[in-house]
Amino acid sequence: MVTQIDIGGSPGVRLRGERLELSLQLNAVPSEGWLAIQWYSPKNVQVASDALWITNTDAGLGRLVLLPGDVEVVPGQWRAVVSFGSDLLRQFSLVLPEPQEPSSDEPVRGR
């Protein structure tokens, strides 16, 4: 008998276009309740939160949680922390690299 929410194997956080998204796989949902998601920026500051009401009928389904569009996505390590009730289930992270500047070592070509 499963006694804990199972989100193992979830794809995690990824960048899609200009926004971050958290993809979760709900493998087992033994009880109903709020699945909470807190988003943390590279400055280690909580910038958003969301919650999904889940029940045992959600077992086997995937859920997608988007970082709100009013949160600026900047380079660095982003984290999404997932909890159910008072239980921390998992922390997902994604490092977004700094934008690459053109190399100054390349010769300038004239016409």
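Residues numbered from 1 in each chain as written. Predicted model: local features only at pLDDT ≥ 70, side-chain atom pairs only at ≥ 80, totals over all residues. Heavy atoms only, no water.

A. Examining the sheet that holds strand β7 (residues 87-96) more closely. A sheet is described by the order of its strands in space; here four strands give the open sequence β4-β3-β6-β7, paired in antiparallel fashion. Every interior strand has two partners, whereas the edge strands, β4 (46-54) and β7, have only one. Within the sheet, the average angular offset between the axes of one strand and its neighbour, ignoring direction, is 15°. (Pairing = 2+ DSSP bridges. Helix = DSSP H or I, 4+ residues; strand = E, 2+ residues; numbered from the N terminus. Axes fitted to C-alpha atoms, helices over the stretch in contact; angles between N-to-C directions.)

B. The arrangement of the sheet that holds strand β1 (residues 12-16) in detail. Judged by pairing direction, the sheet is antiparallel, and its three strands sit side by side in the order β1-β2-β5 without closing on themselves. Each of the sheet's edge strands pairs with one partner strand only, and the pair in question is β1 and β5 (61-66). Each strand of the sheet is rotated relative to its neighbour by a mean of 30°, with strand direction disregarded. Sheet analysis places β1 next to strand β2 (residues 19-26), joined by five bridges and oriented antiparallel. Residue L15 lies in a different strand from β2, and its bridge partner there is L20.

C. Quick look at the packing of aromatic side chains. Evaluated as defined, the whole model comprises one aromatic pair. With a centroid separation of 5.2 Å and 70° between ring planes, the pair formed by W34 and W53 is classed as edge-to-face. Residue W34 is located in strand β3 (residues 33-40), and its partner W53 is located in strand β4; the two are separated by 19 residues in the primary sequence. When the ring centre of Y40 is taken as reference, the NZ or CZ atom of R79 above it lies at 4.6 Å. (Phe/Tyr/Trp six-rings, centres within 6.5 Å; stacked < 30°, edge-to-face > 60°. Lys NZ or Arg CZ within 6 Å of the ring centre and 35° of its normal.)

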